[in-house]
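Letter by letter, the chains look like this.
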Amino acid sequence: MAATACGRQAWRQLMRNSCRGPAATPSKLLRQQQPYRLAFQRQTSSTTRTTPSSLLRQQPLAQRSYSSGSQGGQQTPPPRSSNSQIKFWPFVVLIALGSGGYMLLINRRKTMPPTTQTTPAFSPSEVTVLFVLGGPGAGKGTQCARLVRDYQFTHLSAGDLLREEQDRPGSQYGQLIKDCIKNGEIVPMEVTIALLENAMRDTITRTGNKKFLIDGFPRKMDQALKFEEVVCPAKLVLFYDCPEAEMEKRLLERGKTSGRADDNAESIRKRFRTFVETSMPVVHHYEAENRVVKVISTPPPDQVYADTQVQLKKALGDKF
Ligand code: UDP
Ligand code: MG
């Protein structure tokens, strides 16, 4: 029930936003939402119109009469050949013009770029993005901290950014994020993607660092596709694989001190279900594209990190 309520609230919130338009959203978030809407808009135009006068012009100018000139009450129809010639030629001209116009249109379309194509905000040749995935408690955050220390990545945790936005005074997404996190549900992608893109832009402007570990994202296929389309294609996915029993043990332990609203037995159960049903398809999607580096994360952190380094070097070379 609570899960459905969160979904309903998310939907209402997004609908309100799209109805209110720019002024209603925080300016940062809004700037990101605009292109999505534009991409889906269709232009319609009508260039030909049928007016009463144009219809009138198509009427015969005079009624034909077969009564005049008849002999002995018999009607003589006009010669058939001249009549059929008059009807035939306009059709030929119309078909020729129509086909010519159609061919011209097709040829022009071939040379035009597709109108719905979006260029990502950051080029993957300049900006490195590694997605870091794994179940709740798989050890993503712990491993990211080590990679930041040794390879100068900037660590962006989607969950941390959402919690920050939730606590930001005046955020209109606060309650929505709170409900989703508590229920182990995925926050609507527009919010998360906007937060990530803004954080990346801020980092590049402030520090010039263009290497990012994006932790705990994408958790759903739509997020993955949209992020790579509008923000930046990822170089690869670092996937930490851990059995549920081990993850549960870690989360319950962490819950004693973390203060997180979702580190309790009930939320953990929901998060596991979301992970299996919604997030694992994302991992499988990237596996099919050969873009996944998988590391078993049951051993102690140092051992997992050593394996992470070996695997990343194999995939990206020594200087990743
Ligand atoms: N979350 C989300 N979208 C994301 C990432 C996180 O909606 O892209 C929400 C989701 O409710 C998740 C919670 O944030 O359960 C906590 O995410 P976090 O990554 O902090 O959890 P972890 O996997 O590290 O335990
Ligand atoms: Mg985490």
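Thresholds, definitions, all that
- Residues numbered from 1 in each chain as written.
- Chains lettered and ligands numbered in written order.
- Predicted model: local features only at pLDDT ≥ 70, side-chain atom pairs only at ≥ 80, totals over all residues.
- Heavy atoms only, no water.
- UniProt positions renumbered as here; feature names shortened; annotations may be inferred.
- Helix = DSSP H or I, 4+ residues; strand = E, 2+ residues; numbered from the N terminus.
- Phe/Tyr/Trp six-rings, centres within 6.5 Å; stacked < 30°, edge-to-face > 60°.
- Buried < 20%, exposed > 50% of the residue type's maximum accessible area, 1.4 Å probe, protein only.
- Near = heavy atom within 4 Å.
- Polar contact = N/O pair within 3.5 Å; in protein donor to acceptor, adjacent residues only side chain to side chain.
- Areas by Shrake-Rupley, 256 points an atom, 1.4 Å probe, with all protein chains shown as cover.
- Nonpolar A, V, L, I, M, F, W, Y, C, P; charged D, E, K, R; others polar.
- Contact = heavy atoms within 4.5 Å.
- Core = buried A, V, L, I, M, F, W, Y, C linked by side-chain atoms within 4.5 Å.

Colleague: What is the right way to look at the UniProt feature "binding site: ATP" (unreviewed entry) in the protein chain in this model?
Modeller: Mapped onto the present numbering, the UniProt feature "binding site: ATP" (unreviewed entry) falls at Gly 137, Ala 138, Gly 139, Lys 140, Gly 141, Thr 142, Arg 254 and Pro 299. Counting through the fold element by element, Gly 139 comes out in the loop between β1 (128-134) and α5 (140-151). Within the secondary structure, Arg 254 is located in helix α10 (residues 244-258).

Colleague: Just checking my understanding: could you explain the packing of aromatic side chains for this structure?
Modeller: Two aromatic rings, taken as a pair, are described by how far apart their centres are and by the angle between their planes. Tallied over the full model, the rule gives 6 aromatic pairs. The interplanar angle of 55° and the centroid separation of 6.1 Å between the aromatic rings of Phe 131 and Tyr 286 together place this pair among those described as tilted. One end of the pair, Phe 131, is in strand β1; the other, Tyr 286, is in helix α11 (residues 265-288), and 155 residues separate them in sequence. Judged by centre distance (5.3 Å) and plane angle (65°), the rings of Phe 217 and Phe 227 are edge-to-face. Remark: Phe 227 occurs in helix α9 (residues 221-230) and Phe 217 occurs in the loop between β3 (211-215) and α9; sequence separation between them is 10 residues. Phe 227 matches Phe 217 in its accessibility class, with the two residues each being buried.

Colleague: Where do I start with the site of ligand 1 in this structure?
Modeller: Close contacts around ligand 1 come from 21 residues, with Lys 140, Arg 163, Glu 185, Val 187 and Arg 271 the closest. At 2.7 Å, a side-chain N or O of Arg 163 approaches an oxygen atom of ligand 1. Here Arg 219 contributes a side-chain N or O atom positioned 3.1 Å from an oxygen atom of ligand 1. Considering ligand 1 on its own, with 530 Å² of exposed area, one finds that the protein chains cover 96% of that surface. Of all the elements, helix α6 (residues 158-167) adds the most residues to the shell around ligand 1, at 4 residues. Of the residues assigned to the shell around ligand 1, the class counts are 8 nonpolar, 5 polar and 8 charged.

Colleague: For this particular structure, what's the right way to read the UniProt feature "binding site: a ribonucleoside 5'-phosphate" (unreviewed entry) in the protein chain?
Modeller: The UniProt record marks Arg 163, Glu 185, Ile 186, Val 187, Gly 216, Phe 217, Pro 218, Arg 219, Gln 223, Arg 260 and Arg 271 with the feature "binding site: a ribonucleoside 5'-phosphate" (unreviewed entry), using the residue numbering of this structure. Examined against the element boundaries, Val 187 turns out to sit in the loop between α7 (174-182) and α8 (189-207). Beyond its immediate chain neighbours, meaning those up to four positions away, Val 187 contacts Leu 162, Ile 177, Cys 180, Thr 192 and Gln 223. Those residues in contact with Phe 217 that lie beyond four places of it in its chain are Phe 131, Val 132, Leu 133, Ala 158, Thr 192, Ile 193, Leu 196, Gln 223 and Phe 227.

Colleague: Help me understand the environment of Asn 209 in this model?
Modeller: Its place among the elements puts Asn 209 in the loop between α8 and β3. A polar side-chain atom of Asn 209 sits 2.9 Å from a polar atom in the side chain of Thr 154.

Colleague: What exactly am I supposed to notice about the nonpolar core here?
Modeller: Here is a general trend for soluble globular proteins: nonpolar side chains tend to be buried in one another's company. Within the largest apolar cluster, 39 residues are counted, with the highest numbers of intra-cluster contacts made by Val 129, Phe 131, Met 200, Ile 214 and Phe 227. Among the secondary structure elements, those contributing two or more residues to this core are β1, α6, α7, α8, β3, α9, β4 (236-241) and α11. Per-element accounting of this core gives the leading share, 8 residues, to α8. Residues contacting Phe 131, with those up to four places away along its chain left out, are Ile 214, Phe 217, Pro 218, Phe 227, Glu 228, Ala 234, Leu 236, Val 237, Leu 238 and Tyr 286. Residues Leu 130, Ala 138, Leu 147 and Phe 272 belong to the second largest nonpolar core, which totals 22 residues.

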